[in-house]
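A look at the structure
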Number of protein chains: 4
Amino acid sequence: MKVALFGAGRIGKVHAASIKTDPRSELVAVTDVMIEAAQALAQEHGIAVRSPEEILADPSIDAILIASSTNTHADLIEVGAKAGKAVFCEKPIDLDLKRALEIGRIAKTHDKPMMMGFNRRFDPNFAAVKAALDAGEVGKGELLAVTSYDPAPPPVSYIKVSGGLYRDMMIHDFDICAFLFGMPKMVMAHGSCLVDPEIGAAGDIDTAVVVLTYADGRIATIRNSRRAPYGYDQRVELLGSEGTLEARNEVENTVVKSTAAGTVSAKPVFFFLERYMRAYAIEWRAFVDACVEGKPVPATVQDGVNALALAEAANQSFREGRPIEVTSEMTGV
Amino acid sequence: MKVALFGAGRIGKVHAASIKTDPRSELVAVTDVMIEAAQALAQEHGIAVRSPEEILADPSIDAILIASSTNTHADLIEVGAKAGKAVFCEKPIDLDLKRALEIGRIAKTHDKPMMMGFNRRFDPNFAAVKAALDAGEVGKGELLAVTSYDPAPPPVSYIKVSGGLYRDMMIHDFDICAFLFGMPKMVMAHGSCLVDPEIGAAGDIDTAVVVLTYADGRIATIRNSRRAPYGYDQRVELLGSEGTLEARNEVENTVVKSTAAGTVSAKPVFFFLERYMRAYAIEWRAFVDACVEGKPVPATVQDGVNALALAEAANQSFREGRPIEVTSEMTGV
Amino acid sequence: MKVALFGAGRIGKVHAASIKTDPRSELVAVTDVMIEAAQALAQEHGIAVRSPEEILADPSIDAILIASSTNTHADLIEVGAKAGKAVFCEKPIDLDLKRALEIGRIAKTHDKPMMMGFNRRFDPNFAAVKAALDAGEVGKGELLAVTSYDPAPPPVSYIKVSGGLYRDMMIHDFDICAFLFGMPKMVMAHGSCLVDPEIGAAGDIDTAVVVLTYADGRIATIRNSRRAPYGYDQRVELLGSEGTLEARNEVENTVVKSTAAGTVSAKPVFFFLERYMRAYAIEWRAFVDACVEGKPVPATVQDGVNALALAEAANQSFREGRPIEVTSEMTGV
Amino acid sequence: MKVALFGAGRIGKVHAASIKTDPRSELVAVTDVMIEAAQALAQEHGIAVRSPEEILADPSIDAILIASSTNTHADLIEVGAKAGKAVFCEKPIDLDLKRALEIGRIAKTHDKPMMMGFNRRFDPNFAAVKAALDAGEVGKGELLAVTSYDPAPPPVSYIKVSGGLYRDMMIHDFDICAFLFGMPKMVMAHGSCLVDPEIGAAGDIDTAVVVLTYADGRIATIRNSRRAPYGYDQRVELLGSEGTLEARNEVENTVVKSTAAGTVSAKPVFFFLERYMRAYAIEWRAFVDACVEGKPVPATVQDGVNALALAEAANQSFREGRPIEVTSEMTGV
């Protein structure tokens, strides 16, 4: 299948490399408003820079991969769907839940695969936890704890347009909770500005805990910080009726040093590219499986709506200081 | 110093053994309403069974160790204080916060050491976390997560008189949060009955998550379950501005087996006696240090009041489904 | 059973404490050429200091525990046996293999339990490896590796009378190999003086590797060093036809700290008392089991002869630079 | 730089992929006596199949990568050198030490980089051990232990032409010892046939221990087995005067499961492709660094001679049952 890439920035480059790892897919065009970025990527991959209109109009292009800035996602999904393309889109659908719900309705009627880039579902560690849970290896799930700390906060300029911690950062963790435990009934959000006062001045938080409670009594907690000086801390732990499952961090190497000062081992890998590079390739393979072999899409537009709905509920809970119910109005289902 | 023991049950026996480990203290008498239990313990240790009145009236007895049933704690502390004894009392002071506050006021005027048996503070692992945090090894504390699962629930008959999960089980975890982070401003409690429907029928929960938020923005989470089939799961993890500290479980042995089926290592030690036996001896040494050398008491009656106040707030939060503020009326300070 | 202790030094004190942990045994007397040491220990335990002759002549004393200096072991075993006592003796039987073989012959005809203090067999970690191997959990044993490093070398004055590294230090590791894999056919020894030139000047080595090869093709390696600045390093690892078993070190606590400098966990416990305190109590229980319940002795005089024979073979191999066969003349069987 | 590949088998494919990972190198031709293999690889990479003669005669080709069968290595190195190419050659140079020594002499006069494919030197774990040792992080090296077990033995047909375990399998471990500790003075080899009697019938062993002793007293041990049912077991551990360094296995994922049956974590990755894929890319980058930037070659032909000399000494030691000295005649230096 032939693929065109929207967005030649950091994450666009990652996807361009992933496309190469599956022999069934071929990157044939790239587009970006930053023309130099598009040209550089095109040259590296021996492909053409084309306009969005050309790409959408070209019937030989089977799929578009949307890795452009967040505010373009919804519109590109919409026009991609209208053009009859299979669509792979980076999270989030949109910062606005109403708009995301519209896209969710469009997705329901589109007959080509549409997939959201929730890369963590494809991390071999998290995927192994999911597989073990589904196989009943620890009985029925009861408590879930997701830990997700970035090594260092992004620039405050980014924070200002990010949609806030719950929508920008914790959205991945909302999705992991949905992936493992499904959709909760209630959301209770706590948050503080402890890392950088400028983040607080920009109206956001940098440290947060959210508790999700489920209709059947299960409880999930998410912990977020914008700063973990030892590296990217990405863990999941769940208690089931027959045991626990933990996905620990991946570390830089396996060396252990013991001296009079203690026993020292390597830190977690530093950031998401190191941690999730394998996940991006596996994720892409799953999209090609859906396009070429008709397999189910493992991260749907509805999953994207759901994660955004939880972020919205968290925002409201944080503002109002009380638990917020997740309604069908929020998720469209 | 000469010590008399109130209560010859399971925890009384543990303390009797601990008293022996410090050459500065001598167990000289035991009392229990279950006369056979008192006699058995007395025989094992070559001491006398005496009545509470005799013990309190005997000026040669320096200290009493209260390990009798919960509903006797407050009264025994009170009469022990009146009799001029140093007092060591198992947690909790009382299931009723008002009564505990009264004891707190008595403690303030008593001129002998009074100490609460918050054994986990003396666990070498948790104590090492505290020492490293206080030494600034991970900067300023930001997020705290306490995990505390029992291997299996107690009998429902016990549940009915226990005061409920927050007061009976999570009280230890409230104390560990206070030990590491001090007293929070708000308490938000969640809970479910997932382990045994009879616990629910008895009006209690068996699975719970509580979030404590602090005036300066720090956040702590506590997770409790009455069941962890792999053993006693007792961990602490905290994020500071410069790193994390974790106290992991102690395990049965250090053997690791690798076969085609995976790599298998030992489970956590099974229950609190295995995990905290060292802690009980260290705890007792600290009490003797306070009595004999005038060192500060490391787990005060006020600490007991504080933990109970958090349990009370959790109970109210759970009932009302909203965060509850911890007031000075609740803690008496 | 009533027990008399020969030797009130460091290891004698350890054993005196162990005797207390089994209610079936009672320490009634102690003897030591260092009269002050004997008196101090006697006072602490409320027992009498008596002469060896008195002890041996007292028919109420069931067993003697020999923890005196190495050069007295063989004679005390011999007179203890003649006096009809059960005998527990610290390793080694003697530094001279011929004398050890004589004791071995005496042991064969003595009708009371005689046990050698190979404490490591009772370490819960090594014992769990043995149990798993015997249960076939990793199939048939093929390769064995024993690592045994002391934290720091003893004084050179001790080295001079120790009998040399193979007899003094590695004898424990020879016994662990015999415990897990039985007696080898050939011994090849390598050794160096890398830690302290004064050890070399005293005619000894401080760093050594020995390879034991078995008639059926199995191979064991032992690594020794007199110095491991991070603590007492005591590990066993074996490969079987279906997997591996490792007994790792016990560590000071379970705390893990992650900062920008790496992930730091606790060191191994510092020396044999910390590591093997539990083993000493379990070992003593096994001796009492043999005396009181007639259970088999789990570390026999023959085991002591065998370990010494391997040390002798290692000495010869090291001197001659070639593999040495372990003959029945060496082991007496 | 333009590169031609000799050999389109399993390891040839790995190298073809590695060449792609460095933008400074370009694969332009492949040759193989198995023409279908050459064609398949050529098609996948969009390059030409050419004869060895064409490749050697083409002045636009800067380097050849020799990944053909072992018996062709020496001749191809020789003709490659004569043709003025930079040469990268898979280990070993040859099964015959005399022939390898000839190649070593040729290498000394060739003015282009010649590098041997000792991939383990580039494993990030082993490289981190080397870096820490060289930086003095554990003081001066004293004891080294290399563990290297294959998951399962190769076919007996391969064993028969392999040159035997010491030359075929342990050669990597000899190189790791040389990499970390330099060249030893003496070699003592032990070996058995425990895995498969057909390997023994073919005149080889499948289980082996070798001890290398150094002129300055350091000692290294190597353990090999052709079978480890839990996966590829590749570890290094060394004791220095100030501590230890260990490179542990890489494992399939970071998931840990705790149930009543124990705590289970993932096995080591299954075989060398999984374990060393990163190492192959780093290794290639080092070769390009040498060719393009004139950096020193990190795995020289002399390193290849040295490893083979140790294998030869091990063979002799095993045959004769005694330690063998490593002479300058064996290594050519």
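Residues numbered from 1 in each chain as written. Chains lettered and ligands numbered in written order. Predicted model: local features only at pLDDT ≥ 70, side-chain atom pairs only at ≥ 80, totals over all residues. Heavy atoms only, no water.

For chain A, an unreviewed UniProt entry supplies the name Myo-inositol 2-dehydrogenase/D-chiro-inositol 1-dehydrogenase and the organism Limimaricola variabilis.

Quick notes on the overall build of chain A
Helix and strand counts for chain A come out as 13 helices and 15 strands. On C-alpha atoms alone, chain A measures out to a radius of gyration of 20 Å, which is about the 20 Å that the 2.2 N^0.38 rule sets for 333 residues. Overall, the C-alpha framework of chain A stretches about 60 × 55 × 45 Å when taken along its three principal axes. Each of the 333 residues in chain A was classed as buried or not, and the buried ones make up 62%. (Helix = DSSP H or I, 4+ residues; strand = E, 2+ residues; numbered from the N terminus. Rg over C-alpha atoms; globule rule 2.2 N^0.38 Å. Buried < 20%, exposed > 50% of the residue type's maximum accessible area, 1.4 Å probe, protein only.)

Some words on the environment of Ala132(B)
Residues and elements named next belong to chain B. With respect to the secondary-structure elements, Ala132 resides in helix 6 (residues 124–134). Judged by relative accessible area, Ala132 falls into the buried class, the value being 6%. The sequence separation of Ala132 and Thr254 amounts to 122 residues, and the corresponding C-alpha distance is 25 Å. Excluding residues that lie within four positions of it along the chain, Ala132 makes contacts with Glu137, Val138 and Leu245. (Contact = heavy atoms within 4.5 Å.)

A word on helix 9 (residues 171–181) of chain C
Summarising burial for helix 9 of chain C: 11 of the 11 residues are buried, a large majority. All of the buried residues in helix 9 of chain C are Ile171(C), His172(C), Asp173(C), Phe174(C), Asp175(C), Ile176(C), Cys177(C), Ala178(C), Phe179(C), Leu180(C) and Phe181(C).

What about the side chain of Asp22(C)?
All names here are of chain C. Along the chain, the position of Asp22 falls in the loop between helix 1 (10–21) and strand 2 (26–31). Engagement of the side chain of Asp22 in a polar contact is seen with the side chain of Arg24, the distance being 2.8 Å. Non-local contacts of Asp22, meaning those with residues more than four positions away in its chain, are made with Trp284, Arg285 and Val288. (Polar contact = N/O pair within 3.5 Å; in protein donor to acceptor, adjacent residues only side chain to side chain.)

Examining the interface of chain B and chain A
Contacts between the two partners involve 37 residues from chain B, matched on the other side by 37 residues from chain A. Carbon and sulfur atoms make up 64% of the area that chain B and chain A hide from each other, which totals about 2800 Å². On the chain B side of the interface with chain A, the three residues burying the most area are Leu143(B), Leu194(B) and Arg223(B), jointly 17% of the side's total. The interface formed by chain B and chain A holds six salt bridges in total. Note that Arg235(B) and Glu237(A) form a salt bridge whose closest N and O atoms lie 2.7 Å from each other. Here chain B and chain A share 10 residue pairs in polar contact (both at pLDDT 80 or more) between them. Listed by contribution, the elements that provide at least two residues to the side of chain B that touches chain A are strand 7 (141–149), strand 8 (186–192), strand 9 (207–213), strand 10 (219–225), strand 11 (233–240) and strand 12 (243–247) of chain B. Of the residues in the side of chain B that touches chain A, the class split is 13 nonpolar, 14 polar and 10 charged. (Buried area = accessible area lost by both parts, 1.4 Å probe. Salt bridge = Lys/Arg side-chain N within 4 Å of Asp/Glu carboxyl O. Nonpolar A, V, L, I, M, F, W, Y, C, P; charged D, E, K, R; others polar.)

Considerations on the pairing of strand 4 (residues 63–66) of chain B
All names here are of chain B. Because side chains alternate across strand 4, one face comprises the buried residues Ala63 and Leu65, and the other comprises Ile64 and Ile66, equally buried. In this structure, strand 1 (residues 2–6) lies alongside strand 4, joined through four bridges in parallel fashion. Each residue of the ladder has a partner; that of Val3, found in strand 4, is Ala63. Sheet topology note: the strand 4/strand 5 (residues 86–90) ladder contains four bridges and is parallel. Along strand 5, the bridge assignment pairs Ile64 with Val87. In this view, the connection linking strand 4 to its parallel neighbour strand 5 by way of helix 4 (residues 70–82) has right-handed handedness. (Pairing = 2+ DSSP bridges. Right-handed = clockwise from strand over helix to strand, strands pointing away.)

A short note on the environment of Val297(B)
Residues and elements named next belong to chain B. In this structure, Val297 sits in the loop between helix 11 (272–293) and helix 12 (301–320). Separated by 182 residues in the primary sequence, Val297 and Met115 place their C-alpha atoms 6.2 Å from one another. Excluding its chain neighbours within four sequence positions, the residues that come into contact with Val297 are Pro113, Met114, Met115 and Ala290.

Here we look at the interface of chain C and chain D
Each side of the interface is counted separately: chain C has 37 residues, and chain D has 37 residues. Note on chain C versus chain D: buried area summed over both sides is about 2800 Å², and carbon and sulfur give 64% of it. Among the residues of chain C in contact with chain D, Leu143(C), Leu194(C) and Arg223(C) are the three that bury the most area, contributing 17% of the side total. The interface formed by chain C and chain D contains six salt bridges. In this structure, the connection of chain C to chain D is made through 10 residue pairs in polar contact (both at pLDDT 80 or more).

Concerning the domain arrangement of chain A
It is common to give the size of an interface as the accessible area that goes away when the parts come together. All names here are of chain A. Looking at the assigned domains, one finds that chain A contains domain 1 (2–118) and domain 2 (121–279 + 304–331). Averaged C-alpha coordinates put domain 1 and domain 2 at centres separated by 26 Å. Buried area between domain 1 and domain 2, both sides added, is near 1600 Å², and the carbon and sulfur share of it is 74%. Its largest share of buried area at the contact with domain 2, domain 1 owes to Leu95, Leu97 and Phe118, together 47% of the area lost on that side. Our enumeration of links across domain 1 and domain 2 arrives at zero salt bridges. Connecting domain 1 to domain 2 are three residue pairs in polar contact (both at pLDDT 80 or more). The element best represented in the side of domain 1 that touches domain 2 is helix 5 (residues 97–109), accounting for four residues. Residue classes in the side of domain 1 that touches domain 2 are distributed as 11 nonpolar, one polar and four charged. (Domains from an automatic or database assignment.)

Examining unusual backbone geometry
Note the cis peptide between Lys91(A) and Pro92(A), where omega equals -10 degrees. Relative to the helices and strands, Pro92(A) resides in the loop between strand 5 (86–90) and helix 5.

Re the pattern of salt bridges
Residue and element names in this part refer to chain A. One pass over the structure, following the stated rule, counts 110 salt bridges over all chains. Note that Glu312 and Arg167 form a salt bridge whose closest N and O atoms lie 2.9 Å from each other. Remark: Arg167 occurs in helix 8 (residues 165–168) and Glu312 occurs in helix 12 (residues 301–320); sequence separation between them is 145 residues. Connected through shared salt-bridge partners, Asp22, Arg24, Asp289, Glu293 and Lys295 make up one network.

Examining the relation of the copies chain B and chain A
By a simple turn and slide, chain B fits onto chain A: the slide is 0.0 Å along the axis, the RMSD is 0.0 Å, and the turn is 180 degrees. What we have between these two chains is a two-fold relation. Proximity to the rotation axis, assessed at the C-alpha, singles out Arg322(B) in chain B; its C-alpha lies 2.9 Å from the axis. The fraction of interface residues of chain B whose copies in chain A are also interface residues reaches 100%, indicating that both copies meet through the same surface. (Least-squares fit on C-alpha atoms with pLDDT ≥ 70 in both.)

Remarks on the nonpolar core
Residues and elements named next belong to chain B. Counting residues in each nonpolar core, the largest one holds 99 residues, and the members touching the most others are Leu144, Tyr166, Phe174, Leu180, Val210 and Leu212. With nine residues, the single largest contributor to this core is helix 12. Each of two domains, domain 1 (2–118) and domain 2 (121–279 + 304–331), supplies a minimum of three residues to this core. Ignoring anything within four residues of it in the chain, the contact list for Leu212 reads Phe174, Cys177, Pro184, Met186, Val187, Arg218, Ile219, Ala220 and Ile222. (Core = buried A, V, L, I, M, F, W, Y, C linked by side-chain atoms within 4.5 Å.)

What to know about the sheet that holds strand 2 (residues 26–31) of chain B
All names here are of chain B. Read across the sheet, six strands follow the order 3-2-1-4-5-6 without closing on themselves; strand pairing throughout is parallel. Looking along the sheet, the strands with just one partner apiece sit at the ends: strand 3 (48–49) and strand 6 (114–117). As paired strands, strand 1 and strand 2 are joined by five bridges and run parallel to one another. The residue bridging Lys2 from the neighbouring strand is Glu26, located in strand 2.

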